[in-house]
Amino acid sequence: MYLSILILPFLGSLVSGLMGRKIGVSGAHFITCTCLLLSSLLATISFYEVGICGSPVSINLLSWVDSEFMSISWEFLFDQLTVSMFIPVLYISSLIHIYSIDYLSSDPHNQRFFSYLSLFTFFMLLLASGANYFVMFVGWEGIGVVSYLLINFYFTRIQANKAAILALTMNRVGDMGLSIGFFALFAMFGSLDYSTIFSLAPFVNETAITIISLLLFMGAMAKSAQLGLHSWLPGSMEAPTPVSALLHAATLVTAGLYLLVRSSPILEYSSTALLVITLIGASTAFFAATCGLVLNDIKRIIAFSTISQLGYMVMAVGLSQYNVALMHVVNHAFFKALLFLGAGAIIHSAADEQDIRKLGGLIKFLPFISSAMLVGTIALLGLPWLSGFYSKDLIIELAYSQYSFSSTYAYVLGSITAGLTSFYSFRLISLVFLTSPNGPRSTYVNIHEAKIAVVIPLLILSLFSIFFGFVFSDLFVGIGTDFFGNALYIHPNNISLVEAEFSMNIGLKLLPSILSIIGGLLAIYLYLISPNILNNLSENSLFRKIYSFLNGQYYFDILYNQFIISKGLHIGYIISKVLDRGVIETVGPHGVSTILKNTGENIAKLDTGIITTYALYITLGLLFLIFLIFSPILLDTSGILPSSSILGIDFFRLMIVYISSLIFILW
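- Named according to an unreviewed UniProt entry, the protein is NADH-ubiquinone oxidoreductase chain 5 originating from Inonotus obliquus.
- According to UniProt, the comment filed for the protein under the heading Catalytic activity (unreviewed entry) is "a ubiquinone + NADH + 5 H(+)(in) = a ubiquinol + NAD(+) + 4 H(+)(out)".
- Quoted verbatim from the Subcellular location (unreviewed entry) field of UniProt, the annotation for the protein is "Mitochondrion inner membrane".

In structure tokens:
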């Protein structure tokens, strides 16, 4: 049963991709959706058996690499962490498959799209269920390749090409660090199995553990779009909206978080790595929220919201609260998928218009979609009793309860980010749904409410966004819960959940929610009640500079192009011209053959056929030979050779050479 969860999406992908012409568009829809729904049903059963009943399953299929003491198997581990990841991945993927039936109904490449989508899900499941780092890495690289194919789905558009290449190359940077981390793991532990590494981690040198942890985090930074390696994520909006929903909610960006949470027994023994992870996570959350304030593309706003929420998750990992991080991964998956699919429905019905300044007043035209978007927005803000509240606010509380510089830094930035998130979210709601219509008349004439294939996924995701956190919070993050068993490890010194729950001032607990409410009300006031304030501010030079800075996303792309990409290309050019074509070709086989050929040609030129030239050669040779023979005497600085040298072996050697040269001359 457990392997069927993985195999069914793979079979659906194969049939839809390789037999697309035979089965047709409807056949591709039916087969892929059926396979995903069956997998979701089996995942629900596995969640009950493994998670609720506490009986993890390990399946060893066959040996993969068996070289001296390196032994790697195709082995799968279905523990509480794995089945918890299966739930959002499969549920959301199934709903996105159903949603895509209507969304891409006019696209001529339906079979290819559904094949890629199912393959994406399969590789994510493979990543989550591997019992060693190598099997996980197969899934890791698989989702990287399929993300390239999906972002570049409209391959005739140059912008889609560029976005896909950027996503792939920036992920290569993280994968390089991750690969070196695997080499370091094997060098230190002699194995890549989770069980072996995690049991030996407490006995290994802390410096080695820190280096390994930071290398693993480097891989997670690229996949989960942390500060510095985040540029690819907004560009991935070139993909169709269902891809954006799947990529941002349940698959690609959560892979880095899964890696960190799975590696908790390693990270817990490196305080330095946890410090770095906390600082980068908090900085990422704040950075993305500030950028989201000024964007106008509806999908890009939600994309920066994803980066911000990923910052919260990474921050939770740095605070050693892995179960809370996973809870936020699952909660975020549901409401972020809801927001993306809602945005896709708006774009689809509004003649592909994505600029929120050219929309407005849609609440009267799209009442259901506006309700769904509002639910997703409130869940994103973490307002009380919706899913986001049970994980996002808890992360901020846990940051305060650790009483260190890094955790206080995380608490302050996390609280400010909560207010900023609320502002840009309600800015989107105000400009799209509540203001007066700003688009052309033709757009509003043709606007229509979504069909049933879109309504059902939005309705189900809305229910999950409202109730999932309330139902499962005690199971995942409740005090004293033993749901995760041995799947996660938190060092006893790092447990701070009790203090976060009972020792904090109620004002500090409620600060993120208060800031969220203030941010939302401020956005409604500025964009609905008194928009003239923003018009007046836009004439201020300082405001314009700040706006340009945030709209340019802190000029990260410019810095990359000026100082990294251009310098790298210049160094590559020098290496190509000087080292490859210069030194290596001169010293290597090409150089040796050229020298021999040229030498032979030069020697051949000496054969002129003129007797006087030959006489000159003979004379030069004779003079050289005489100099060679008498060089010991000519080079003797004292002028008197020792008697032992005259009477010894040097004398006889000199006489032999002299006689032989005399014979040569006479001949």
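### Quick word on the overall build of the protein
Argument step 1. Helix and strand counts for the protein stand at 29 helices and two strands.
Argument step 2. Relative to a compact globule of 667 residues, whose C-alpha radius of gyration would be 26 Å, the protein shows 35 Å and is clearly more extended.
Argument step 3. If one aligns the C-alpha atoms of the protein with their principal axes, the spans along those axes are about 120 × 60 × 60 Å.
Argument step 4. Expressed as a percentage of its 667 residues, the buried residues of the protein come to 53%.
Argument step 5. Considering only contacts within the protein whose residues lie at least 6 apart along the sequence, 80% involve residues at least 24 apart.
Argument step 6. Of the side-chain charges in the protein, 27 are positive and 32 negative, and the distance between the mean point of each set is 15 Å.

### Here we look at the environment of Met315
Argument step 1. Among the structural elements, Met315 can be located in helix α14 (residues 298–318).
Argument step 2. Separated by 184 residues in the primary sequence, Met315 and Glu499 have C-alpha atoms spaced 18 Å apart.
Argument step 3. Those residues in contact with Met315, other than ones at most four positions away along the chain, are Thr278, Gly281, Ala282, Ile395 and Ala410.

### Some points on the confidence of the model for the protein
Argument step 1. Per-residue pLDDT for the protein averages 90, and the proportion of residues at 70 or more is 94%.
Argument step 2. Between the elements of the protein, mean pLDDT differs from a low of 47, seen in helix α28 (residues 643–647), to a high of 96, seen in helix α13 (residues 271–292).
Argument step 3. Segment residues 643–647 is flagged for pLDDT under 50; beyond a separation of four residues in sequence, or across chains, it makes six contacts in the model.

### Quick notes on the packing of aromatic side chains
Argument step 1. Applying the stated criterion across every chain yields a total of 42 aromatic pairs.
Argument step 2. Pairing Phe287 with Phe556 gives two aromatic rings, centres 5.5 Å apart and planes at 80°, and the pair type is edge-to-face. Within this pair, whereas Phe287 is found in helix α13, its partner Phe556 is found in helix α25 (residues 556–587), the two being separated by 269 residues in sequence.
Argument step 3. A relative accessible area of 18% means that Phe556 is categorised as buried.
Argument step 4. Aromatic rings pair up to connect Phe47, Tyr91, Phe334, Phe464, Phe468, Phe472, Phe476, Phe483 and Phe484 into one cluster.

### Focus: the side chain of Thr82
Argument step 1. Among the secondary structure elements, Thr82 is positioned in helix α3 (residues 80–103).
Argument step 2. A polar atom in the side chain of Thr82 sits 3.0 Å from the side chain of Arg262.
Argument step 3. Among all residues touching Thr82, those that are not within four sequence positions of it are Leu77, Ala128, Ser129, Tyr258 and Arg262.

### Some words on unusual backbone geometry
Argument step 1. The backbone phi angle of Glu68 is positive, close to 50°, even though this residue is not glycine.
Argument step 2. Within the element layout of this structure, Glu68 appears in the loop between β1 (57–67) and β2 (70–78).
Argument step 3. One non-glycine residue, Trp385, adopts positive backbone phi at about 75°.
Argument step 4. Mapped onto the elements of the fold, Trp385 is located in the loop between α16 (367–381) and α17 (392–400).

### A short note on the environment of His97
Argument step 1. Position of His97 among the secondary structure elements: in helix α3.
Argument step 2. A C-alpha to C-alpha distance of 76 Å links His97 and Ala604, two positions 507 residues apart in sequence.
Argument step 3. Residues in contact with His97, not counting those within four places in the same chain, are Thr32, Cys33, Leu36, Phe114, Leu117, Ser118 and Thr121.
Argument step 4. Of note is the side chain of His97, whose polar atom sits 3.0 Å from the side chain of Ser118.

### Quick word on helix α10 (residues 241–249)
Argument step 1. Burial runs high along α10: nine of the nine residues are buried.
Argument step 2. Considered for burial, the residues of α10 that qualify are Thr241, Pro242, Val243, Ser244, Ala245, Leu246, Leu247, His248 and Ala249.

### Details of the environment of Tyr322
Argument step 1. Locating Tyr322 in the fold gives a position in helix α15 (residues 322–349).
Argument step 2. Considered as a pair, Tyr322 and Leu257 are 65 residues apart in the sequence and their alpha carbons are 9.5 Å apart.
Argument step 3. A distance of 2.7 Å separates the side chain of Tyr322 from the side chain of Glu268, its partner in a polar contact.

### Description of the packing of α17 against helix α18 (residues 405–434)
Argument step 1. It is at 7 Å that the axes of α17 and α18 come closest, and there the two elements cross at 150°. It follows from the interaxial angle that α17 and α18 lie roughly antiparallel. Of the two possible hands of crossing, α17 and α18 adopt the one that is left-handed. Where α17 abuts α18, its residues Lys392, Ile396, Ala399 and Tyr400 lie against Ser407, Thr408, Ala410, Tyr411, Gly414, Ser415, Ala418 and Thr421.
Argument step 2. Class assignment of the residues belonging to the contact of α17 with α18 gives a composition of six nonpolar, five polar and one charged.

### Some remarks on the pairing of β1
Argument step 1. Bridge count for β1 against β2 is nine bridges, and the pairing is antiparallel. Paired with Ser58 across the bridge in β2 is Leu77.
Argument step 2. Where β1 folds back onto β2 in an antiparallel hairpin, the turn is made up of two residues, including Glu68, whose phi is positive at roughly 50°.

### A few points about the UniProt feature "domain: NADH-Ubiquinone oxidoreductase (complex I) chain 5 N-terminal" (unreviewed entry) in the protein
Argument step 1. In the UniProt entry, the feature "domain: NADH-Ubiquinone oxidoreductase (complex I) chain 5 N-terminal" (unreviewed entry) is given for residues 64–114.
Argument step 2. A distance of 30 Å separates the end C-alpha atoms of residues 64–114, which is 57% helix and 25% strand.

### A few points about the pattern of salt bridges
Argument step 1. One pass over the full model with this rule turns up eight salt bridges.
Argument step 2. For the salt bridge of Arg357 with Asp355, the shortest nitrogen-to-oxygen distance reads 2.8 Å.
Argument step 3. Note on Arg357: relative accessible area 49%, which makes it partly exposed.
Argument step 4. What makes Asp355 buried here is its relative accessible area of 15%.
Argument step 5. By sharing partners, the salt bridges in this structure join Glu141, Arg172 and Asp175 into a single network.

### Focus on the nonpolar core
Argument step 1. In this structure, Tyr133 and Ile346 are the most contacted members of the largest nonpolar core, which totals 194 residues.
Argument step 2. Take this core: its biggest share by element is 19 residues, from α15.
Argument step 3. If we ignore the near neighbours within four places in the chain, the residues touching Tyr133 are Phe182, Leu185, Leu192, Tyr194, Ile197, Phe198, Leu216, Leu259, Ser263 and Ile266.

What counts and what doesn't
Residues numbered from 1 in each chain as written. Predicted model: local features only at pLDDT ≥ 70, side-chain atom pairs only at ≥ 80, totals over all residues. Heavy atoms only, no water. UniProt positions renumbered as here; feature names shortened; annotations may be inferred. Helix = DSSP H or I, 4+ residues; strand = E, 2+ residues; numbered from the N terminus. Rg over C-alpha atoms; globule rule 2.2 N^0.38 Å. Buried < 20%, exposed > 50% of the residue type's maximum accessible area, 1.4 Å probe, protein only. Contact = heavy atoms within 4.5 Å. Lys, Arg positive; Asp, Glu negative; His and termini not counted. Charge placed at Lys NZ, Arg CZ, Asp CG, Glu CD. pLDDT = per-residue confidence, 0-100. Phe/Tyr/Trp six-rings, centres within 6.5 Å; stacked < 30°, edge-to-face > 60°. Polar contact = N/O pair within 3.5 Å; in protein donor to acceptor, adjacent residues only side chain to side chain. Axes fitted to C-alpha atoms, helices over the stretch in contact; angles between N-to-C directions. Parallel < 35°, antiparallel > 145°, perpendicular 65-115°, else oblique. Left-handed = near helix turned anticlockwise from the far one by under 90°. Nonpolar A, V, L, I, M, F, W, Y, C, P; charged D, E, K, R; others polar. Pairing = 2+ DSSP bridges. Salt bridge = Lys/Arg side-chain N within 4 Å of Asp/Glu carboxyl O. Core = buried A, V, L, I, M, F, W, Y, C linked by side-chain atoms within 4.5 Å.

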